[in-house]
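What follows is the residue order along each chain.
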Amino acid sequence: MKKSISAAAVAFGLFMAGPVPANGSVASESRPAAGNEAAPAERKDTISQVVVTGTRNETDVRHLPMTVSVVERKTLENSVSTSVLPVLNNAVPGFYSTSRGLLGYGVSDGSAVQMSVRGIGGSVQAGIPTTGVLVLIDGHPQYMGLMGHPISDACQTMIAERVEVLRGPASVLYGSHAMGGVVNIVTRRMQENGIRTSADLAGGSYGTFLGEVSNTIRKDRFSSVFSASYNRTDGHRENMGFEQYGGYVKLGYDFTDNWKVWADANLTHFNASNPGPVYAPLTDCDQKITRGMATIAVENDYDRTSGSLSFFYNWGDHWINDGYSAGEAPLDYRFISFDQMYGVSWYQSARLFEGNRLTLGFDYFHFGGESRNEYLTDGHAEVLADKAVDEYAAYLDFRQDIGKWITMDAGIRVDHHSTVGTELVPQAGIAVHLPENAGLKFMASKGYRNPTIREMYMFPPQNSDLEPERLWSYELSASQDLVDGKLHYEANVFYINGDNLIMRLPNPSGSGMLNQNSGKIENWGAEAALSYRFNPVWNIYGNYSWLHMENPVLASPRHKLYVGADFTKGRWSASTGIQYISGLYTDLASSATEEYVLWDLRCSFRILDWLSVYAKGENLLAQRYEIMSGYPMPRATVLAGLRLDF
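Below, the structure is looked at part by part. Predicted model only: the values in this text are computed from it and were never measured.

1. Let's talk about a nonpolar patch on the surface
Part 1 of the argument: A contiguous nonpolar patch, built from Ile-296, Leu-309, Phe-311, Trp-346, Leu-360, Phe-362, Tyr-392, Leu-396, Ile-412, Val-414 and Leu-424 and spanning about 930 Å² of accessible area, is present on the exposed surface.
Part 2 of the argument: At the level of secondary structure, the elements contributing two or more residues to the nonpolar patch comprise strand 16 (305–324), strand 18 (356–375), strand 19 (381–402) and strand 20 (406–417).
Part 3 of the argument: Inspection of the secondary structure puts Leu-360 in strand 18.
Part 4 of the argument: Judged by its relative accessible area of 42%, Leu-360 is partly exposed.

2. Focus: the side chain of Arg-73
Part 1 of the argument: Along the polypeptide, Arg-73 turns up in helix 3 (residues 73–79).
Part 2 of the argument: Residue classification places Arg-73 among the buried residues on the basis of a relative accessible area of 11%.
Part 3 of the argument: If we skip the residues at most four places from it in the chain, Arg-73 touches Thr-157, Met-158, Ala-160, Glu-161, Arg-162, Arg-188 and Glu-212.

3. Describing the environment of Ser-612
Part 1 of the argument: Summarising the element assignment, Ser-612 is placed in strand 30 (residues 611–618).
Part 2 of the argument: Through-space distance from the C-alpha of Ser-612 to that of Leu-642 is 5.6 Å; in sequence the pair is 30 residues apart.
Part 3 of the argument: Beyond its immediate stretch of four places on either side in the chain, Ser-612 contacts Phe-605, Arg-606, Ile-607, Gly-641, Leu-642 and Arg-643.

4. Describing the packing of aromatic side chains
Part 1 of the argument: One pass over the structure, following the stated rule, counts 17 aromatic pairs.
Part 2 of the argument: Measuring from ring centre to ring centre gives 6.4 Å for Phe-335 and Phe-459, while their planes differ by 40 degrees; the resulting arrangement is tilted. Of this pair, Phe-335 sits in strand 17 (residues 333–350) while Phe-459 sits in the loop between helix 6 (453–458) and strand 23 (469–482), placing them 124 residues apart in sequence.
Part 3 of the argument: With relative accessibility at 6%, the residue Phe-459 sits in the buried group.
Part 4 of the argument: When the centroid spacing of 4.6 Å and the interplanar angle of 45 degrees are considered together, the rings of Trp-572 and Phe-605 count as tilted. In this pair, Trp-572 is assigned in strand 28 (residues 572–587) and Phe-605 in strand 29 (residues 592–608), connecting sequence segments 33 residues apart.
Part 5 of the argument: Residue Trp-572 is classed as partly exposed on the basis of its relative accessible area, which comes to 48%.
Part 6 of the argument: For Phe-605, a relative accessible area of 25% corresponds to the partly exposed category.
Part 7 of the argument: The positively charged end of Lys-288 is found above the aromatic ring belonging to Trp-319, 5.0 Å away from the centroid.
Part 8 of the argument: Above the ring of Tyr-457, the side-chain terminus of Lys-387 is found at 4.6 Å from the ring centroid.

5. A closer look at the environment of Gly-570
Part 1 of the argument: Assignment of secondary structure puts Gly-570 in the loop between strand 27 (559–569) and strand 28.
Part 2 of the argument: Gly-570 sits in the exposed class, given a relative accessible area of 63%.
Part 3 of the argument: Sequence-wise, Gly-570 and Ala-555 are 15 residues apart; in three dimensions their C-alpha atoms are separated by 40 Å.

The rules behind these values
Residues numbered from 1 in each chain as written. Predicted model: local features only at pLDDT ≥ 70, side-chain atom pairs only at ≥ 80, totals over all residues. Heavy atoms only, no water. Patch = residues over 30% accessible without salt bridge, like charges linked within 9 Å, V, L, I, M, F, W, Y side chains within 5 Å. Areas by Shrake-Rupley, 256 points an atom, 1.4 Å probe, with all protein chains shown as cover. Salt bridge = Lys/Arg side-chain N within 4 Å of Asp/Glu carboxyl O. Helix = DSSP H or I, 4+ residues; strand = E, 2+ residues; numbered from the N terminus. Buried < 20%, exposed > 50% of the residue type's maximum accessible area, 1.4 Å probe, protein only. Contact = heavy atoms within 4.5 Å. Phe/Tyr/Trp six-rings, centres within 6.5 Å; stacked < 30°, edge-to-face > 60°. Lys NZ or Arg CZ within 6 Å of the ring centre and 35° of its normal.

Read these as geometric descriptors, not functional statements.
In structure tokens form, the structure reads like this:
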């Protein structure tokens, strides 16, 4: 019986592939994404754009002490990427995600995407999926009830209106797993009356096909969104095929100008094959995964107060054949699991007096599931885990403007886990508004992560006595808009210190290994971004992050640089970008690191008002590199397609 799930084949989509935000930082939230054709004067008017991830209610980003990055819908569409993660790789300094092919990510160990924010994400040990960066859909957590890590193949571009990435702990608002940061996918919503329909069809290297159709409707108080997609590839290695199809629907109704209700549902299924590392290839390592989620929410919005009450449910059905190596016999069992997570989330935010905002919230989460090995010989099953846990939490966030120059913020969360007990989580920060569109921010926040069912109960070396992982993060940032909004820069430095990290160590009371709270983390670094729009035709941008880790982790490069440029004139548009990565650990056991440079190019031509054609190339320098040990990435690839808009 294997100790962990091996999963199937997957993906790499690391490319520029269309205009990306100039920097993906706090300032970029208050500006249109690079590639929009807004004139500089229009850009200057958008400084007060709001976001929802730094606080539950819509808030002017200038008043938030934390760093939030935004990637807009236009950028996601232009990327021609089925997942939002490759776009975030380029747009967001300090964020990095792995992949190992053309499409798909998989669900476990080497097959699951590793995400990190400032070196926080997966375990300090190889093979433990991301549990320290929380993926949200409209503020609701999305991770496997048993394993505790997000399902990256469900981070679909087709459902996203925009993606907001909070860099740094967000545990006060979102609880466990938001220790390093959050990726919040804000789902689509039609704002103005009308009907819009679009379709994308594309094909390229290694038998890759991408297809998507989307329809949005707004009729007075009623709105709807429908999307469906089908994607497949043969993969760039033998036994590396991937196929995914899914659909998304969202319905909304505004009862009054102050009250609205909406509900949505998303379903995705994928089949994948994992060829194994090149030094130990696998046969019949296949998986069939179905994931679903549904939400219903009632929202209110008045002049002095706003809030929401929502119910959510997400689940997964997994069938996995772990495969076998040369000289071994095929496995006589299949791993089967069903997991679920559901809960209720409520918050109400009120302006008690001038310059004040008080937010009170409550969350309840129930998650768990069952896993077993089903044997082919006689049909009997061995249960590995059948467990469920609950979390209850209340939080308070208080924000106050002091004159015109200062905004102070403080928050606290009390979180109770049915197994590991109660955790108290504070944070505090300040934003200083300076002349000439400049700002300074300081943030101190605690992050934590409760141990997962997998770590406590599911596979050796499980340990039911585990405690939460904990850290403190400190950040100082500055940003400014100059030259009538044409030039934007930002920079920040941070320091992170934590302990109690879960590690696999020799069992002190017996033989074998045991999960123990013995790990430590100490990271510090700096991030910077710069963008300049010469005119409505040309735009350049770039971002850089440097990370020092006393205890290295996977998927956390020491240096990450991205530089890009956009050109838009008449019916033509083009964009190109170069990404440089160095000091990327691919195997902690051997301390192996990787360094590479990727060059990507995309161009499109609008033939008619409703018809465009496009082509893109990735890794045009045909670099040989790995971002996961034993999984060489594809060399130069191309994709071409057409887009219809009605």
